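This is what each chain is made of:
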Amino acid sequence: MNPLLYDFLRQFRSWYNLLALALFILVLLGMGGLASLAVKTTISNSPLTGAGVFAVYNATTHKLFGYVFGADGELLEYRGTISLSNGSTVAVSGKGTLNLTLPPDVNTYPVAIDLNTSSGKVTAASPQGFGEETEYFFSTPSLINGGSDDQIQLGSQFVYTAIVLSQGLHYGQPQKAIVMAINSNAEPATVAVNVQKLNVTVSGFKVFEVEAQPSLRFVIYPVGQNAINATSSAYPVHLMYLADLVPNLIVVLVYSLVILSGGFLIVNGLYPLVTFYSTLNSIVRQTESGVLKFLIAQPITRTQILLVRYLSTALTVAVVAIIADSVSYAILYFTLSPFGFPIPRELLFALFASTILIQLSYISLLYLIATLINRGWQFSLISITTYAIFFLVLPTALNVIQNLQQASLTPGLSPLSNLPLEALYYLDFPSLGEQILVNSVSFLEADIGLPEAVAGSLVWLVIPLALAIIRFRRKDF
Amino acid sequence: MIEIVELTKVYRTGGGIRDVTFEVKNGEIVGFVGVNGAGKTTTIETAVGVKIPQKGDVRVDGKSILKEKVEASKLTGWVPETPTFDPDMRAEDYFLYVCGLRGIPGHEAKELAKKLFEEVGLSGHERKRIRQYSQGMRKRLALAISMISNPSNFMFDEVLNGLDPEGIRFFREFALRMRKENVAVLFSSHILSEVQNLADRVVFIHKGRVVKVATMTEIESMSKTKTFRVRFTTPESAQRSLELLRGFGKDVKVEKGVVVIEEFNGDIEGIARAVKSFPDFLEMGWATKTLEDVFFETIGEAR
């Protein structure tokens, strides 16, 4: 019999192992179901045929996701008001008005506006009167590739705005208009940028995102004929950035369950249990009972024994991850499809990949612990501590420090904000795994790049495993 | 041939073995005796590569267990006192798993399983789960797995413990058969009568150190005494013979109905004539020590 297959199957031989696995899958099903139910309830609670608006703020990535939903063909407008500090960039899609406040002296403010449809109107104007009002209207494919080559004359005491259509080569592709604003005044100036898409109807979910910046305040509220009902029925978000220094657990929970297919919370919360249980069965209990002792005396190297066990644990986690993620995704898909499905399909592969990479790193760490100790209770105790450190404490610390850094323009700067954030990411393999996932989602901006996140995860995988092998080769059984 | 050279394995508690040195030649059964905690199991487990020594080495047919573990293990069969396997697995599956780890192809492994299960008397029990196996059956399974590579050396660690008479006979006969086949057998036990019946040489270990290595001939000579015993069918005759026998040794007394003559002068013909007049005289002869007596004398000296 193939030893790897044997070691894999061995874990499902006893009834209590099977029971544990069944319970695990039930928990996953339950979580997927609850997540779906939560979203569904939120939507169906709206008295106005499901119209509503809510936003979710992710304290880790500093992204704000807004959802506007309504019945098919229903017109629903929303408006966002954003205050910006110097150097901030904002991207917004859908209808809305941005009020830019420009400080004195010559400053250029490129503001990118994502447009989800190929027809629409963007205007930018300064009520101060200096400069020019520019309007760019586009409605036909022939205009999409166009852009503005206007030469901006820099003079004194004026506010100038220009709009450049920068992206989109084909009809139907998302467009981006960039508003250039220059203030040469000695006084602050304001520029109102209006985004008006024509024929916008909200059917199912519409997603917009705003990248949070230092001192950014964001308010979103429905407008138009359904505004009152939509406001009362859903969750209008009024987030003040500074109030979010401590991660809002409920928001993160909803974010994890809804945005990332329920996957990441499960990755962070439940897969370590499978990894723990499999390592306990493969190494610790077998050391304790003496099963490994007889194998060690066989003409096989200790490295070979450890690696076969490691791979069997990895195989177990991978199989459970694929089954559980698929079930979780399927539940979300089928229960949410009547309302539209906000979860990107391309996320599935990244979800599996990051799940497995995180768990391989965790297996390496647990195997290292398993080779260092001999008793099940010691292993359980240290594993729980390890879990707490890597899956709870470090990510939370990362959040808090990141928030402090984001708030660093405010008075009373915390010394924590000087800590190098990337270094903290490398300290924590679940956060690296999350970064792999975040990198794979087009509308999210990752804190560290994909190659760095993958390399960091691999280092976490390889080094503890190498140490485990070294220890295992010198261990008494 | 098993050569154990200055093997040292000291635990944090202070127990363990120190500078253990002896050898087991091909075609020889060496008894390895000592009280509980003397270091028998530590020596054997270090010799099979389960424990890592601080000093010394074990060479099996010239292969070092530390430097050439895989080769040395191929040449060694080991049956521990309480072999432990995955209790939920079927015996044959476990055997095939070990074959798989050792790189033996499936069909060859199945043939080996059939042959070796039969050889160790487990035919008909292959598909049982190991948790259903008795202690004796587990030891037989360990033996079957040990025999996969047809090793030329065996180490049995207290293998007779917990076995029924049939099991004891099986392992005793197996050891004797291996000796005939020129295999080196190290046989640890605290059932000294069994060791006495089986072994060609005996290694005494006490508090982690080898205190004596002796051949059975040497042990037999050590077991001779200067005490002579004369037995009668009735204790009364023993008591009456005391006066007559007093001249044959320094101290003549009756112990449990037997006349015991310490420092016997060797006049066997004379004593034979003397007891002839007693109609209920039964037998007489030199008192000998058992291996147990020799063992306790030896460890007593070691103290």
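Thresholds, definitions, all that
- Residues numbered from 1 in each chain as written.
- Chains lettered and ligands numbered in written order.
- Predicted model: local features only at pLDDT ≥ 70, side-chain atom pairs only at ≥ 80, totals over all residues.
- Heavy atoms only, no water.
- Helix = DSSP H or I, 4+ residues; strand = E, 2+ residues; numbered from the N terminus.
- Buried < 20%, exposed > 50% of the residue type's maximum accessible area, 1.4 Å probe, protein only.
- Contact = heavy atoms within 4.5 Å.
- Areas by Shrake-Rupley, 256 points an atom, 1.4 Å probe, with all protein chains shown as cover.
- Salt bridge = Lys/Arg side-chain N within 4 Å of Asp/Glu carboxyl O.
- Polar contact = N/O pair within 3.5 Å; in protein donor to acceptor, adjacent residues only side chain to side chain.
- Nonpolar A, V, L, I, M, F, W, Y, C, P; charged D, E, K, R; others polar.
- Axes fitted to C-alpha atoms, helices over the stretch in contact; angles between N-to-C directions.
- Parallel < 35°, antiparallel > 145°, perpendicular 65-115°, else oblique.
- Left-handed = near helix turned anticlockwise from the far one by under 90°.

> How should the overall build of chain A be read in this particular structure?
For chain A, the count of helices and strands is 14 helices and 14 strands. Here chain A holds 477 residues, and the buried ones make up 52% of them. Taking as baseline every contact in chain A between residues at least 6 positions apart, the subset at least 24 positions apart corresponds to 72%. When the accessible area of chain A is evaluated, it comes to approximately 20,200 Å², of which 65% is carbon and sulfur surface.

> Could you clarify how one ought to interpret the interface of chain A and chain B in this entry?
Note: interface size is frequently given as the accessible area lost on complex formation between the parts. Counting residues at the interface gives 30 residues for chain A, matched by 29 residues for chain B. The interface formed by chain A and chain B contains two salt bridges. Notably, a salt bridge pairs aspartate 476 of chain A with lysine 9 of chain B, separated by 2.3 Å at the nearest N-O pair. Put simply, chain A and chain B have 15 residue pairs in polar contact (both at pLDDT 80 or more) between them. Those elements giving two or more residues to the side of chain A that touches chain B turn out to be α1 (3-10), α7 (271-289), α8 (291-296) and α9 (302-336) of chain A. Examining the composition of the side of chain A that touches chain B, we find that five residues originate from one element, α8 of chain A, more than from any other. Residues of the side of chain A that touches chain B, tallied by class, amount to 13 nonpolar, seven polar and ten charged.

> Could you clarify how one ought to interpret unusual backbone geometry in this entry?
Most peptide bonds adopt trans geometry, and most residues besides glycine take a negative phi value. Backbone geometry at asparagine 150 of chain B places phi at a positive 50°, although glycine is not the residue there. Position of asparagine 150 of chain B among the secondary structure elements: in the loop between α5 (135-146) and β7 (153-157).

> Could you clarify how one ought to interpret the packing of helix α3 (residues 91-101) of chain B against helix α4 (residues 106-119) of chain B in this entry?
Two measures define how a pair of helices packs: the angle their axes make with one another and the distance between the axes. Residue and element names in this part refer to chain B. The N-to-C vectors of α3 and α4 enclose an angle of 125°; their axes lie 10 Å apart at closest approach. Viewed along their axes, α3 and α4 adopt a mutual orientation that is oblique. Where α3 crosses over α4, the handedness of that crossing is right-handed. Counted together, Ala91, Glu92, Phe95, Leu96 and Cys99 of α3 and Ala109, Lys110, Leu112, Ala113, Leu116 and Phe117 of α4 form the full contact between these two elements. Here the contact of α3 with α4 is composed, by residue class, of nine nonpolar, no polar and two charged.

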